[in-house]
Amino acid sequence: MGQRIDTRPYTSSTVRGHGGLKFEEASIEPETDDESVIFCHGWRNYASEPAEQNFQVVEEALKAEGFDGCFVSWRWKSGLPWRNAIKSAEKEGYRLADYAEKFYDQNDAELHIIGYSLGAKAVMEAQKELAEKDKSFNSIHLMAGAVKSSDFSDTGLYHTCLKNSQIFNYRSPRDLTLRFLFPLSDAVGKQGLETRMEQVNDCKIDFRCSRRDVHGSYIEKGSRPLSEIAEYLNRG
């Protein structure tokens, strides 16, 4: 129990724009039969050091609250210009869904997923793929989600895939990063979810900090979203 799996989708080959890292497109095999939680990082957190810092903070926060399952650090091709990174997140959804399918085929354990910033887009694309096969993550946790709120409306892109999972959306109206990235629409990490489904939980976070932009405050030791996610995972 309590093991760590790093998906490591990199080789040492040099690729311009990715800090000397090249992504492998091969699927990833689950290596555990324990209850697991995947953490999918955000935009431009592709390089080893910043990604590892995020992974460590999230993993330690969950374990400090008593989670003793498997932590899966999910790296993906996010070091691209914004519009290209959105496309990459959509593509990553297929790889996440493939991993989840294999996990459920091999295990009876639960699989949860956390998507931070643009990682939330990859998570919802994965959930959409799974829902088409009548499968689902056991719970989905979106933090500062860089996804349009309208995608969760009754006519939105993800509406039909929401019913099979518990979904928690952690957001803040003080998220200036999302205001900049979505000037003509509202993101779920700022505005919230446009749905009335009972299994969807919209959690407005009032960060107690002096910084103007709270986008990075989710991935900090002692952050309320991480504590609430850990509490959910330990619900027993």
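Sequence order as written defines residue numbering, which begins from 1 separately in each chain. Only residues with pLDDT of at least 70 are given local features in this predicted model, and only at 80 or more are side-chain atom pairs given and counted; all residues enter the totals for whole chains, interfaces and linings. No hydrogens and no water enter the side-chain calculation; it runs on all heavy atoms of the structure.

Enquirer: Tell me about the environment of Ala146, and name the residues and values.
Expert: A run of H or I in DSSP becomes a helix once it reaches four residues, and a run of E becomes a strand once it reaches two; helices and strands are each numbered from the N terminus. Examined against the element boundaries, Ala146 turns out to sit in the loop between strand E7 (139-143) and strand E8 (166-171). Spatially, the C-alpha atom of Ala146 lies 10.0 Å from that of Ala122, the residues being 24 residues apart in sequence. Every residue pair with non-hydrogen atoms within 4.5 Å of one another is taken to be in contact. Setting aside residues up to four positions removed in sequence, Ala146 forms contacts with Trp82, Ser117, Leu118, Ala120, Lys121, Leu178 and Phe182.

Enquirer: I'd like to hear about the nonpolar core, residue by residue, with values.
Expert: What we call a nonpolar core is a set of buried Ala, Val, Leu, Ile, Met, Phe, Trp, Tyr and Cys residues that are connected through their side-chain atoms within 4.5 Å. Burial classes: relative accessible area under 20% of the type maximum marks a residue as buried, over 50% as exposed, and values in between as partly exposed (1.4 Å probe, protein chains only). By size, the foremost hydrophobic cluster in this structure holds 45 residues, and its most contacted members are Ile38, Trp74, Leu96, Met124, Phe137, Ile140 and Phe152. For this core, the secondary structure elements donating two or more residues are strand E4 (36-40), strand E5 (70-74), helix H2 (82-106), strand E6 (111-116), helix H3 (119-131), E7 and helix H4 (176-181). For this core, the element with the most residues is H2, which contributes 9 residues. The residues contacting Phe152, other than those within four sequence positions of it, are Met124, Leu142, Val147, Tyr158, His159, Leu162, Val188, Leu193, Glu194 and Thr195. In terms of nonpolar packing, the next biggest core, distinct from the first, is built from 26 residues, Phe39, Ala51, Val58 and Tyr218 among them.

Enquirer: Break down the pairing of E7 for me, with residues and values.
Expert: Regular strands place their side chains on alternate faces of the sheet. By the criterion of burial, E7 is predominantly enclosed, with 5 of the 5 residues buried. The alternating pattern of E7 places Ser139, His141 and Met143 on one face and Ile140 and Leu142 on the opposite face, and all of these are buried. Sheet analysis places E6 next to E7, joined by 5 bridges and oriented parallel. Residue Gly115 lies in a different strand from E7, and its bridge partner there is Leu142. A crossover gets the label right-handed when its path from the first strand over the helix to the second runs clockwise, viewed with the strands pointing away from the viewer. On the question of chirality, the crossover connecting E6 to the parallel E7 by way of H3 is right-handed. Any two strands between which DSSP finds at least two bridges are classified as paired. The pairing of E7 with E8 spans 5 bridges and is classified as parallel. Its bridge partner being in E8, Ile140 is matched across the sheet by Ile167.

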